[in-house]
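# Coordinates in review
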Amino acid sequence: MITRKGIIIAIDGPAGAGKSTTAKLLAEKLNYKYIDTGAMYRAVTLYALRNSIKPEEKDKLVELVKNMDFRFENNGSVLFVNKENVSEEIRKPEVSSKVSEFSKIAEVREILVQKQREIGAEGGIVMEGRDITTAVFPNAELKIFLTADLDIRAYRRLIELKNKGMNINLDDVRDNLETRDLIDSNREVNPLMVTEDSIVIDTTKLTIDEQVDAIYNKAQEIIKSLNLNQSHRN
Ligand code: DC
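Our subject in this report is the structure included herewith.

The rules behind the values
- Residues numbered from 1 in each chain as written.
- Predicted model: local features only at pLDDT ≥ 70, side-chain atom pairs only at ≥ 80, totals over all residues.
- Heavy atoms only, no water.
- Helix = DSSP H or I, 4+ residues; strand = E, 2+ residues; numbered from the N terminus.
- Rg over C-alpha atoms; globule rule 2.2 N^0.38 Å.
- Buried < 20%, exposed > 50% of the residue type's maximum accessible area, 1.4 Å probe, protein only.
- Lys, Arg positive; Asp, Glu negative; His and termini not counted.
- Charge placed at Lys NZ, Arg CZ, Asp CG, Glu CD.
- Contact = heavy atoms within 4.5 Å.
- Pairing = 2+ DSSP bridges.
- Near = heavy atom within 4 Å.
- Polar contact = N/O pair within 3.5 Å; in protein donor to acceptor, adjacent residues only side chain to side chain.
- Areas by Shrake-Rupley, 256 points an atom, 1.4 Å probe, with all protein chains shown as cover.
- Nonpolar A, V, L, I, M, F, W, Y, C, P; charged D, E, K, R; others polar.

Regarding its fold elements, the protein presents nine helices and 10 strands. In terms of overall size, the protein behaves like a compact globule, its C-alpha atoms giving a radius of gyration of 17 Å where 234 residues would be expected to give roughly 17 Å. Here the protein holds 234 residues, and the buried ones make up 51% of them. With 35 positive and 38 negative side-chain charges, the protein shows a separation of 3 Å between the mean positions of the two kinds.

Inspection of the secondary structure puts Pro14 in the loop between strand 2 (8–12) and helix 1 (19–30). Note: C-alpha distance between Pro14 and Glu128 (114 residues apart in sequence) is 11 Å. Sequence-distant contacts of Pro14, defined by excluding residues within four places in its chain, comprise Lys19, Arg130, Phe145, Leu146, Thr147, Arg153, Asp181 and Leu192.

The strand order 4-5-6 describes an open sheet built from three strands, whose pairing is antiparallel. The sheet is open, and its two edges are formed by strand 4 (70–73) and strand 6 (84–85), each paired on a single side.

The next point concerns the site of the ligand. As a structural note, the neighbourhood of the ligand is formed by 16 residues, with Arg42, Arg109, Arg180, Asp184 and Arg187 the closest of them. Here an oxygen atom of the ligand sits 2.8 Å away from a polar atom, N or O, in the side chain of Arg109. Within the side chain of Asp184, a nitrogen or oxygen atom sits 2.7 Å from an oxygen atom of the ligand. Considering the ligand on its own, with 450 Å² of exposed area, one finds that the protein chains cover 98% of that surface. Of all elements in the fold, only helix 2 (37–50), helix 4 (93–103) and helix 8 (170–186) reach the threshold of two or more residues within the shell around the ligand. Split into classes, the residues belonging to the shell around the ligand amount to three nonpolar, five polar and eight charged.

What follows deals with unusual backbone geometry. Positioned with a positive phi, Asn74 is a non-glycine residue whose angle comes to about 60°. The topology assignment puts Asn74 in the loop between strand 4 and strand 5 (78–81). Accessibility expressed as a relative area gives 56% for Asn74, which makes it exposed.

Listed below in structure tokens is the structure:
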């Protein structure tokens with residue numbers, strides 16, 4: 001019998017496909033840790049903008065990222081960087097519009113991928129992003145690619161941002177998602193793609209509960225088949 005905190009569930013997909021909501025609920029159901037890697041790329045972008053560092057200033061960026069200490073709390077919904085709660089600021093449009101430019105940089109990705117591997121090493125984790133199934137945990141026991149039509153993704157994201165009190169319109173949200181998808185899928189380093197062994201779930205017509213249940217059932221099958229002796233997440 002293997003004793004670990006549980007399996008590794010890797011979820012990738014385009015912006016607004018419902019990865020965060022799904023991954024968070026799934027993690028709660030399994031009593032696993034939830035990690036939103038997009039929040040880490042957003043935090044790097046926020047810090048770079050604050051320090052007026054441009055994407056081409058690689059040495060400065062590497063120095064900046066190396067000195068960022070990431071701590072997730074509240075089962076992944078709150079991110080602290082060097083003890084500052086950045087959870088709200090990283091969702092602002094200024095960050096959303098620049099994040100793909102900073103995420104393209106190989107040196108930035110190398111450091112963040114390493115940190116993400118350390119966070120997930122013990123298993124018992126649901127990690128979501130763009131390169132979790134391909135680069136961070138290519139050997140994850142369960143790999144999911146979550147997607148949905150662009151219009152529905154934009155609409156869902158609009159509601160989410162409005163609920164957070166942001167004044168933003170559907171066209172801007174849609175444009176931002178489309179531009180980010182293009183950059184995230186076409187960059188040289190760890191682009192967003194579907195691996196052969198990923199289960200593709202199109203969430204266009206699914207409810208959140210249906211999405212979560214589909215992955216939960218698959219996870220339970222794998223956990224049983226591996227005869228894992230899971231310990232508690234903390
Ligand atoms: O998940 P999100 O939309 O908050 O992610 C913000 C950006 O971060 C996304 O457009 C690309 C980048 N990202 C990435 O390059 N790799 C990841 N694993 C997660 C996010």
